[in-house]
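Residues per chain, in single letters:
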Amino acid sequence: MALLRKINQVLLFLLIVTLCGILYKKVHKGTVLRNETDDDSEPPEEMEEEIPVVICAAAGRMGATMAAINSIYSNTDANILFYVVGLRNTLSRIRKWIEHSKLREINFKIVEFNPIVLKGKIRPDSSRPELLQPLNFVRFYLPLLIHQHEKVIYLDDDVIVQGDIQELYDTTLALGHAAAFSGDCDLPSAQDMNRFVGLQNTYMGYLDYRKKTIKDLGISPSTCSFNPGVIVANMTEWKHQRITKQLEKWMQKNVEENLYSSSLGGGVATSPMLIVFHGKYSAINPLWHIRHLGWNPDTRYSEHFLQEAKLLHWNGRHKPWDFPSVHNDLWESWFVPDPAGIFKLNHRNS
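This section reports on the structure supplied with the text.

The rules behind each value
Residues numbered from 1 in each chain as written. Predicted model: local features only at pLDDT ≥ 70, side-chain atom pairs only at ≥ 80, totals over all residues. Heavy atoms only, no water. Helix = DSSP H or I, 4+ residues; strand = E, 2+ residues; numbered from the N terminus. Buried < 20%, exposed > 50% of the residue type's maximum accessible area, 1.4 Å probe, protein only. Contact = heavy atoms within 4.5 Å. Areas by Shrake-Rupley, 256 points an atom, 1.4 Å probe, with all protein chains shown as cover. Salt bridge = Lys/Arg side-chain N within 4 Å of Asp/Glu carboxyl O. Pairing = 2+ DSSP bridges. Axes fitted to C-alpha atoms, helices over the stretch in contact; angles between N-to-C directions. 1 Å grid on protein atoms, 1.4 Å probe; cavity = no way out; pocket = protein on both sides within 12 Å on 5 of 7 lines; lining within 4 Å. Points joined across faces, edges and corners; volume = space filled by probe spheres on them. Nonpolar A, V, L, I, M, F, W, Y, C, P; charged D, E, K, R; others polar. Polar contact = N/O pair within 3.5 Å; in protein donor to acceptor, adjacent residues only side chain to side chain. Disulfide = S-S within 2.5 Å. Arc of directions from axis to C-beta. Phe/Tyr/Trp six-rings, centres within 6.5 Å; stacked < 30°, edge-to-face > 60°. Lys NZ or Arg CZ within 6 Å of the ring centre and 35° of its normal.

1. Structural notes on the overall build of the protein chain
Within the protein chain one finds eleven helices and nine strands. Among the 350 residues that make up the protein chain, the fraction classed as buried is 48%. A fraction of 75% describes how many contacts in the protein chain between residues 6 or more apart in sequence connect residues 24 or more apart. Within the structure as shown, the protein chain displays about 18,000 Å² of accessible surface, and the carbon and sulfur contribution to it stands at 54%.

2. Digging into the pattern of salt bridges
Following the criterion strictly, the structure yields 13 salt bridges and no others. With a closest N to O distance of 3.9 Å, Arg 61 and Asp 158 form a salt bridge. Of this pair, Arg 61 sits in the loop between strand E1 (50–56) and helix H2 (62–74) while Asp 158 sits in the loop between strand E4 (151–155) and strand E5 (159–161), placing them 97 residues apart in sequence. The class of Arg 61 is partly exposed, set by a relative accessible area of 24%.

3. Considerations on the sheet that holds strand E2 (residues 79–86)
With respect to topology, seven strands assemble into an open sheet ordered E3-E2-E1-E4-E7-E6-E8, the strand pairing being mixed. Of all strands in the sheet, those bounded by a partner on one side alone are strand E3 (107–112) and strand E8 (282–283). Judged from the two bridges that link them, strand E6 (residues 179–183) and E8 form a sheet pairing that is parallel. If you follow Phe 181 over to E8, its bridge partner there is Ala 283. Sitting on the sheet, helix H3 (residues 91–99) touches E2 and E3, and the angle it makes with E3 is about 170°.

4. What about empty space enclosed by the protein?
One pass over the structure, following the stated rule, counts one cavity of 30 Å³ or more. Approximately 80 Å³ is the volume found for the largest cavity. As for the largest cavity, its lining consists of eleven residues, of which Ile 122, Arg 123, Asn 254, Tyr 260 and Val 268 are closest to the centre. In terms of residues, the lining of the largest cavity owes the most to one element, helix H8 (residues 243–257), which gives three residues. Grouping the constituent residues of the lining of the largest cavity by class yields seven nonpolar, one polar and three charged.

5. Brief notes about the side chain of Lys 121
In this fold, Lys 121 is placed in the loop between E3 and helix H4 (142–145). Only 2.7 Å separates the side chain of Lys 121 from the backbone oxygen of Val 117, close enough to count as a polar contact. In this structure Lys 121 touches Tyr 141, Glu 248, Met 251, Gln 252 and Val 255, once residues within four positions along its chain are discounted.

6. Some details on unusual backbone geometry
For the bond from Phe 323 to Pro 324, the omega torsion is -5°, close enough to zero to count as cis. Relative to the elements of secondary structure, Pro 324 occurs in the loop between strand E9 (311–313) and helix H11 (328–332). For Asn 258, which is not glycine, the phi torsion reads 55° and is therefore positive. Tracing the backbone shows Asn 258 in the loop between H8 and helix H9 (267–276).

7. What about the pairing of E3?
The sheet contact formed by E2 and E3 spans six bridges and is parallel. The partner of Val 85 across the bridge, within E3, is Val 111.

8. A look at the state of the cysteines
Going through the model one piece at a time under the given rule, you end up with one disulfide. The disulfide bridge from Cys 185 ends at Cys 224, spanning 1.8 Å between sulfur atoms. Between Cys 185 and Cys 224 the disulfide shows an S-S torsion of about -90°. By sign, it is left-handed. Here Cys 185 is found in the loop between E6 and helix H6 (212–215), whereas its partner Cys 224 is found in the loop between H6 and strand E7 (226–234), with 39 residues between them in sequence.

9. Re H3
Residues of H3 that are buried include every one of Leu 91, Arg 93, Ile 94, Trp 97 and Ile 98, and no others. Along H3, the residues classed as buried sweep out an arc of 165° about the axis, all on the same side. Turning to H3, the residues buried within the fold contact H2, E2 and E3.

10. Looking at the packing of aromatic side chains
Tallied over the full model, the rule gives 13 aromatic pairs. For the pair Phe 226 and Tyr 281, a centre-to-centre distance of 4.6 Å together with 55° between the ring planes defines the contact as tilted. A residue pair is termed long-range when its members are at least 10 positions apart, and Phe 226 in strand E7 and Tyr 281 in the loop between H9 and E8 qualify at 55 residues. Both rings, one in Trp 321 and one in Trp 331, keep their centres 5.5 Å apart while their planes meet at 50°; by these two values the pair is tilted. Of this pair, Trp 321 sits in the loop between E9 and H11 while Trp 331 sits in helix H11; the two residues are ten residues apart in sequence, bridging distant segments of the chain. Of the residues examined, Trp 321 reaches a relative accessible area of 9% and is grouped as buried. An aromatic cluster is built from Trp 97, Trp 321, Trp 331, Phe 335 and Phe 343, whose rings are joined through pairwise contacts. Geometry around Tyr 169 places Lys 151 over its ring, the cationic atom sitting 5.2 Å from the centre.

Structure below.
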């Protein structure tokens, strides 16, 4: 019995010694690692924040995309990553244009958009068929195309950026808001709405209020609209609120009930966004979306006003690379010639 007690005491002693040894090693190792981190190594440099900019490149107007990219890249020192979105048959041309021109220094990714996702969601419309092009709906699918970014800028291709895109990226989005837009009632006073015959700035101009489905939304037809040609988006909120699914639902409803059409103010991409984001979006500084430059070729802005603008948007039928158009000199200063010689400017208004 005494021998057994003696053995147990020895085993207990050895166990205590072993535990002490393990504890010492852990403490010592932790101390060494902390010392190596705190004393012997420099703190890692903060990585420069990457600003993702999504822009589409359609076959017939690729020159617009390249001019927009050129204007953005030339007016900032920020670290821009361009996501250039196209259909499969245009991807090689996009790459060639960038890599064989002054844009070869930009940081970019080419993203294919598969129009199969739009099957059954677009109602045939003959008044402005160009608005039914698949790339017009890329803005609905941002989280499916862009994965590793929390905040994203989306731009239409018919824009020119004159300010530092970092300012636009720094737009504050309120808690619970998935996106920021420029409201149509927040335009600077220099943009006299009365000069634009037929221009709409309320929901009445985009939705058919004769339809019960629209009436049941409870949105006043005099509510100010917004333009989704410039978007600052929060991808986490977008996914959390299932914005893409909501937009698709209203696209399908339009196919079934003809709730809006391109004969109204903003065509078929703006209307579902007005419904989904009603009362739930933040504001972009109005100078970061001076628009309607493509609305009327007989209407011009003052040169001083245009110089103050951070972003110019030729929304409307009259594009600055075509005839007739206005203020096309501002656009042409950023034009990047097509290495393939396919895209050409129409200079009849020069």
